Amino acid sequence: TEACLGAIEAASALNAFVHKTPESALEQAKAADARIKAGETDDLLGIPLGIKDLYCTLDEPSQAASRILDGFRPKYESTVTSQLKVGGAVSLGKLNMDEFAMGSSNETSVYGPAVNPWKIDDRELTPGGSSGGSASAVAASLCLGATGTDTGGSIRQPAAFTGITGLKPTYGRCSRWGIIAFASSLDQAGPMAKDVRDCAIMLNGMAGYDPLDSTSAEVDLPDFEAALTGDIRGKTIGIPREYRMEGMPEEIEALWAEGRKMLEDAGAKVVDISLPHTKYALPTYYVIAPAEASSNLARYDGVRFGHRAKLAQGDGIVDMYEKTRAEGFGAEVQRRVMVGTYVLSAGFYDAYYNRARKVRTLIKKDFEDVFADGVDAILTPATPSAAFGLGEMVNADPVQMYLNDVFTVTVNLAGLPGISVPAGQDRQGLPLGLQLIGRPWEEGDLLNTAYALE
Ligand code: GLN
């Protein structure tokens, strides 16, 4: 913990930690030491972690990197962070992210962008998003692991951009209680760490049924670390042809082929598969996610939480809402709320939202079909490119940024587990990730397959 606290101070230019709790961290570390001396052996005891700002932590700023939650200090702790703390993990503080987890570059944060520890010459790169602070902090060894959340790729894409490992568990595996909601049918908490084993250990601490989250699943909770045997002989891995995008950089193609070979060498059978509705995934996601976001974000009204605009003489309650939300939400969040309310409005509900929900079912069925045919996991690139420069995308058309999620959003729409593992470099030496998608509730198997790629 002391080493991490020192590293955090030395790396303040990364803007990864947005709220630091060094005194409390040292106290937690001492308490963990005492438990170890008393003979306890939990793997998480004394392990210093960073917590994404989307998680509510008791009496600490928990702002989802938004101005609208200025000054909000929850009187409760999220289930996931509370489980990690009970397990003996040490929290070093809160990590930077895109505002309300909307973005792929950590540039919509009220705290300013987090910076990728990887650089090309002097050019600063994004660590990806929305869990950009988590990725940057783990990659720079400011903490041994970090919590992330993944609604459309926000764990896997930043993991790929920073050369670390990130797992999005099956929807319902980790409790969403106390995690600030973005799109409730897609949001899922997950671990980000240096390697597969650390992710397995963290998932052991984070997962579990929680009666406080109605979508939390009452399913078996195996020991995920014990699943790491390294033996994947006889497993069937699918390569979906629809993920071979036109204009995909050669180095991504090469990485994918390399991953295929590694799995074959480890004794898996690799087959070509089809997920025919893949091309509809991005538009479907960018209808459903904003729709749910517009509903979830309606609660930020200037009354119940955080920021309230200064009002003029004669302003009424509607002025208060309007001014507060105009000041409190950044441009991307406002765009999502507008898109979301549009697709949910009476005249357009069937044409957009309901249509998207139907297509979502088809996307999910594509996966069910290949799993029913005996495929155990699916191998794809994690992202269509390596990390891009700060400012490069955020100043372009927003759709350019959305296109970055092309390989990751299908997993959330289908509720499946997905993992990104560092698997190579582009020609400039920047890290690239491969994604493995698994059967629902088979994170152990998925982690073990990912382990074979390390
Ligand atoms: N980039 C996606 C979005 O902006 C994913 C975000 C996420 O997974 N939280 O919606």
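Residues numbered from 1 in each chain as written. Predicted model: local features only at pLDDT ≥ 70, side-chain atom pairs only at ≥ 80, totals over all residues.

Visitor: Break down the overall build of the protein for me, with residues and values.
Guide: Within the protein, the regular secondary structure consists of 14 helices and 11 strands. Against the compact-globule benchmark of 22 Å for 454 residues, the protein has a radius of gyration of 21 Å, which places it among compact chains. With the C-alpha coordinates aligned to their principal axes, the bounding extent of the protein is approximately 75 × 65 × 50 Å. Across the 454 residues in the protein, those meeting the buried criterion constitute 56%. (Helix = DSSP H or I, 4+ residues; strand = E, 2+ residues; numbered from the N terminus. Rg over C-alpha atoms; globule rule 2.2 N^0.38 Å. Buried ≥ 20, exposed ≤ 12 C-beta atoms within 10 Å, placed from the backbone.)

Visitor: Which residues make up the packing of helix α8 (residues 281-296) against helix α10 (residues 331-344), and what values go with them?
Guide: Across the interface, α8 lies against α10 with an axial gap of 7 Å and an inter-helix angle of 100°. Judged on the interaxial angle alone, α10 and α8 are roughly perpendicular. Between α8 and α10, the contacting residues are V287, P290, A291, A293 and S294 on the first element and R336, V337, V339, G340, T341, V343 and L344 on the second. (Axes fitted to C-alpha atoms, helices over the stretch in contact; angles between N-to-C directions. Parallel < 35°, antiparallel > 145°, perpendicular 65-115°, else oblique. Contact = placed C-beta atoms within 7 Å.)

Visitor: Just give me the short version of the site of the ligand, but keep the residues and values in it.
Guide: Contacts to the ligand come from 13 residues, most closely from A101, S104, T151, G152 and S154. Classifying every residue of the shell around the ligand gives four nonpolar, seven polar and two charged. (Near = placed C-beta within 6 Å. Nonpolar A, V, L, I, M, F, W, Y, C, P; charged D, E, K, R; others polar.)

Visitor: Tell me about the UniProt feature "active site" (unreviewed entry) in the protein, and name the residues and values.
Guide: The residues that UniProt annotates with the feature "active site" (unreviewed entry) are K52, S130 and S154. Taken together, the annotated residues stretch across 103 residues yet fold into one region, lying no more than 11.2 Å apart by C-alpha. Secondary-structure assignment places K52 in strand β2 (residues 48-52). What K52 contacts, discounting residues up to four positions off in sequence, is L95, M97, S131, G133, S134, A146, T147, G148 and T149. Within the secondary structure, S154 sits in the loop between β4 (145-149) and α5 (156-162). Using a count of 37 C-beta atoms within 10 Å as the deciding quantity, one classes S154 as buried. Filtering out sequence-adjacent residues up to four positions away, S154 remains in contact with A101, G129, S130, S131, G148 and T149. (UniProt positions renumbered as here; feature names shortened; annotations may be inferred.)

Visitor: So what's going on with the environment of D33? Residues and values would help.
Guide: With respect to the helices and strands, the residue D33 is situated in helix α2 (residues 22-37). Residues D33 and G46, spaced 13 residues apart in sequence, show a C-alpha to C-alpha distance of 6.7 Å.

Visitor: Could you give me a rundown of the sheet that holds β4, with the residues and numbers involved?
Guide: As summarised here, the arrangement of the 11 strands in space is β1-β3-β2-β4-β6-β5-β10-β11-β9-β7-β8, forming an open sheet in which the pairing is mixed. Both outer strands of the open sheet, β1 (17-20) and β8 (269-273), are each paired with one neighbouring strand and no more. Geometrically, the sheet is characterised by an average inter-axis angle of 30° between neighbouring strands, direction not taken into account. Pairing of β2 with β4 involves two bridges; the strand directions are parallel. Bridging across to β4, L49 finds its partner in G145. Relative to the sheet, helix α1 (residues 2-10) contacts β1, β2 and β3 (90-95), its axis offset from that of β3 by approximately 20°. The strands touched by α2 within the sheet are β1, β2 and β3, with β3 carrying the most contacts at an inclination of about 155°. (Pairing = 2+ DSSP bridges.)

Visitor: Please provide a residue-by-residue account of the confidence of the model for the protein, values included.
Guide: Taken over all residues, the pLDDT of the protein has a mean of 97, while the share at 70 or more is 100%. For this predicted complex, the interface score ipTM comes out at 0.98, while the overall pTM is 0.98. (pLDDT = per-residue confidence, 0-100.)

Visitor: Explain α10 residue by residue, including any values.
Guide: Between its terminal C-alpha atoms α10 stretches 20 Å, which fits the 20 Å expected from 14 residues at 1.5 Å a residue. Here α10 has its buried residues at V333, R336, V337, G340 and V343. Burial along α10 is one-sided: seen end-on, the buried residues are contained in an arc of 140°. Opposite the packed face of α10, turned more than 90 degrees from it, sit the exposed residues A331 and M338. Lining the buried residues of α10 we find α8 and α11 (349-372). (Expected span 1.5 Å × (residues − 1). Arc of directions from axis to C-beta.)

Visitor: Got a sec to walk through the environment of Y402? Specific residues and values, please.
Guide: Note on placement: Y402 falls in helix α12 (residues 398-403). Residue classification places Y402 among the partly exposed positions, given that 19 C-beta atoms sit within 10 Å. For the pair formed by Y402 and L282, sequence separation is 120 residues and the distance between their alpha carbons is 7.7 Å. For Y402, the contacting residues outside a window of four places in its chain are L282 and Y286.

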